[in-house]
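# Reading the structure
Residue strings, one per chain:
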Amino acid sequence: MMLVIAALFVWAIGWGINIWIARQKPGRWQSIVSAAIFGITLILMWELIVRGLEVSPVILPPPSMIFHAFVTNKMTLLLDFYQTFVWGALTGYAIGCSAAFLTALAIDRSDFLKRGLLPVGNFVAALPIIGMAPILVMWFGFGWESKAAVVVIMIFFPMLVNTVQGLSATDSIQNDMMRTYSATYWQSMFKMRLIAAAPFIFNGLKISSTLALIGAIVAEFFGSPIFGMGFRISTGAGRLELDLVWAEIVVAAIAGSAFYGLVALGERAATFWHPSMRKQR
Amino acid sequence: MSGFRKNVWPVLVVVAVIIALWYAFAVVLNSNWAYDKAKRGGYELTFTELVADTWTQKKPRLPTPDQIGEELWKSTGARIIKKWDRTEGKPFWERIAKVAGDPRNLLRHVWLTLSATMLGFVFGTGLGILLAVGIVHNKAMNNSVMPWVITSQTIPILALAPMIIVVLNSIGVSGLVPKSIISAYLSFFPVVVGMVKGLRSPDAMQLDQMRTWSGNKSQVFWKLRLPSSVPYLFTSLKIGVAASLVGAIVGELTISQNGGLGARMLQGSYVGTTILIWAALIAAATLAAVLVSIVGQTETVVKKRMGFVK
């Protein structure tokens, strides 16, 4: 009981500090510090309440136990990460994004194809494509190939739609100017249209980066070798090894946000000229 | 006529090409099995025989669209008629109950998935809107919670699904609720992000106008912030409802004994009947399309009534 009261006390302190921070002069540090305090408060409360109420670790393990599982199972987690993220998600991401990009370039010259493919692409992008996973696992086997295939299918249409939209982002005045310079199709493509399309392309890349990891993990629920993040999560939950499952989720969270962060950094470097990237006042 | 030629005709052509490719792929992917059978039977296959065989196999690697259509009819309409005829002579309500409770009827699984999706969607959206209101009105909350909400969009929260279900099962919560919880948290985050954006969308001039009229905080909220957030809300709702459906389906993969579209897919992948998986997949796709278009239609009507569309 003492621990639960301590948890409430921690909450009060954390919240008090955050309210105090919110009253200070606004600055860049404010939100970062505030978010960090909130996160630490939550983890401390989790630990104290789980221990205080003696919640069984098969329902909710305390953070210290998850950290312990994370450290002791480093090699397992690394193997799973390698199988699911590097082989499944990244391969699929590379193939899917480049296939969609090349398709977009191919259909760019035909107005007819654009009109036909865009509504179909938009429709498919809203469907629960993850349901294709069992079929692809049957076709490509239990290995990482089937996971990459799921990722390719999941990200193809969002990426295609975004790239096609980006390629039509230049307006007729700009196109006319390139014609005045008697630029060829490829010259105007590389020197103007691809650059103007970059914000849209990066939007597609960012959406795809989150979808890729989800696709690779969920596809493993349908069948996988005896390692992989999705495999570990589904069997670990079944065997009530929840500390290991949580450790795997921590890995997935870190991998997912790092991947997204890298793409976002690339976007910052490539589209520094775009108004949304300029320094906020 | 020109509108048709410009907008509908290309889509029809593309769809027709996709279906033609589908039949071609069916021949390629299923030919192994056909050749195998011919070899064992000791006869040669002509091309027409090969095509005919690959399009009518019982357990093909890729079923043709007409096979999937047939399976869809067999597992919906035909099942209802069959069950109805078989319970001849029983009281009317009992017959209805028998038809509705038929575990092999695909429509029952659609209903199971839909009810979990809707329950989760309503809760997720409601909680999302409440949190967004809190974030907009409380600076401390904005500073501390908002970065986590944004980060949570980049992590695969769907990976939590099996654990949530197993844990809830072990403390005695089963059936519809665990699936809905997954649906709820998948629709929760897009709604929070969209609503925060929407509630902040009134610009300084509009807010000043409200101050000129000495509007208090609740008046500013009800008469300015909430109405201006509606377009943002609907964009989030469209993402949220599709995400809810995915959540419910993935939830059903873990507790397949209760049925649902996800359970049908898993069952199909265990026994190796691709037609069953494809039928469930088409049902899920139709459900997603219907749900998204309902939200889209509501959006059009509401926006028109509120004067967003001129």
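Keep in mind that what you see is a predicted model, and the values were worked out from it rather than measured.

Reading the values: rules and limits
Residues numbered from 1 in each chain as written. Chains lettered and ligands numbered in written order. Predicted model: local features only at pLDDT ≥ 70, side-chain atom pairs only at ≥ 80, totals over all residues. Heavy atoms only, no water. Helix = DSSP H or I, 4+ residues; strand = E, 2+ residues; numbered from the N terminus. Rg over C-alpha atoms; globule rule 2.2 N^0.38 Å. Buried < 20%, exposed > 50% of the residue type's maximum accessible area, 1.4 Å probe, protein only. Contact = heavy atoms within 4.5 Å. Areas by Shrake-Rupley, 256 points an atom, 1.4 Å probe, with all protein chains shown as cover. Salt bridge = Lys/Arg side-chain N within 4 Å of Asp/Glu carboxyl O. Buried area = accessible area lost by both parts, 1.4 Å probe. Nonpolar A, V, L, I, M, F, W, Y, C, P; charged D, E, K, R; others polar. Lys, Arg positive; Asp, Glu negative; His and termini not counted.

## Regarding the overall build of chain B
The number of helices and strands found in chain B is 13 helices and zero strands. The secondary structure elements of chain B, listed N-terminal to C-terminal, are α-α-α-α-α-α-α-α-α-α-α-α-α. By the compact-globule yardstick of 19 Å for 310 residues, chain B is too spread out, its C-alpha radius of gyration being 25 Å. With the C-alpha coordinates of chain B rotated into their principal frame, the extents come out at 90 × 60 × 45 Å. Within chain B, the fraction of its 310 residues that count as buried is 48%.

## Here we look at the overall build of chain A
A tally of regular secondary structure across chain A gives eleven helices and zero strands. Sequence-ordered secondary structure for chain A, helices as α and strands as β, is α-α-α-α-α-α-α-α-α-α-α. A compact globule built from 281 residues should have a C-alpha radius of gyration of about 19 Å, whereas chain A, at 24 Å, is more than 25% larger. Intrachain contacts of chain A at a sequence separation of at least 6 include 73% that bridge at least 24 residues. Roughly 14300 Å² of accessible area belongs to chain A as shown, and the carbon and sulfur atoms make up 71% of that amount.

## A closer look at the pattern of salt bridges
Residues and elements named next belong to chain B. Evaluated as defined, the whole model comprises nine salt bridges over all chains. Its salt-bridge partner being Glu 299, residue Lys 238 comes within 3.0 Å of it at the nearest N-O pair. With a gap of 61 residues between them, Lys 238 in helix α11 (residues 217–254) and Glu 299 in helix α13 (residues 274–306) connect regions that are remote in the sequence. Residue class for Glu 299 comes out buried when judged on its relative accessible area of 10%. A single salt-bridge network, built from bridges that share partners, covers Lys 238, Glu 299 and Lys 303.

## Structural notes on the interface of chain A and chain B
At the interface, 50 residues of chain A touch 55 residues of chain B. Together, the buried faces of chain A and chain B total about 4300 Å²; carbon and sulfur atoms form 82% of this surface. Per-residue buried area on chain A facing chain B is highest for A:Pro128, A:Met138 and A:Trp139; these three make up 15% of the total on that side. Where chain A meets chain B, there are zero salt bridges. Secondary structure elements with two or more residues in the side of chain A that touches chain B: α1 (2–23), α2 (28–52), α5 (111–125), α6 (133–140), α9 (185–220), α10 (229–238) and α11 (242–270) of chain A. Tallying contributions element by element places α11(A) first for the side of chain A that touches chain B, with nine residues. Of the residues belonging to the side of chain A that touches chain B, the class tally is 37 nonpolar, twelve polar and one charged.

## Focus on the side chain of A:Lys114
All names here are of chain A. When you line up the elements, Lys 114 lands in helix α5. Despite being buried, Lys 114 has no salt bridge partner; Asp 108 is the closest side chain of opposite charge, sitting 4.0 Å away. If we ignore the near neighbours within four places in the chain, the residues touching Lys 114 are Ile 107, Asp 108, Pro 119 and Val 164.

## Describing unusual backbone geometry
Glycine aside, negative phi is the norm for most residues, and most peptide bonds take the trans geometry. A positive phi is found at A:Ser182, a non-glycine position, where the angle reads about 50°. Structurally, the position occupied by A:Ser182 is in the loop between α8 (172–180) and α9. A:Ser182 gets classed as exposed once you look at its relative accessible area, which sits at 58%. Of note, the phi angle at B:Ser214 is positive, near 50°, even though the residue is not glycine. Tracing the sequence through the fold places B:Ser214 in the loop between α10 (204–212) and α11. Given a relative accessible area of 59%, B:Ser214 falls into the exposed group.

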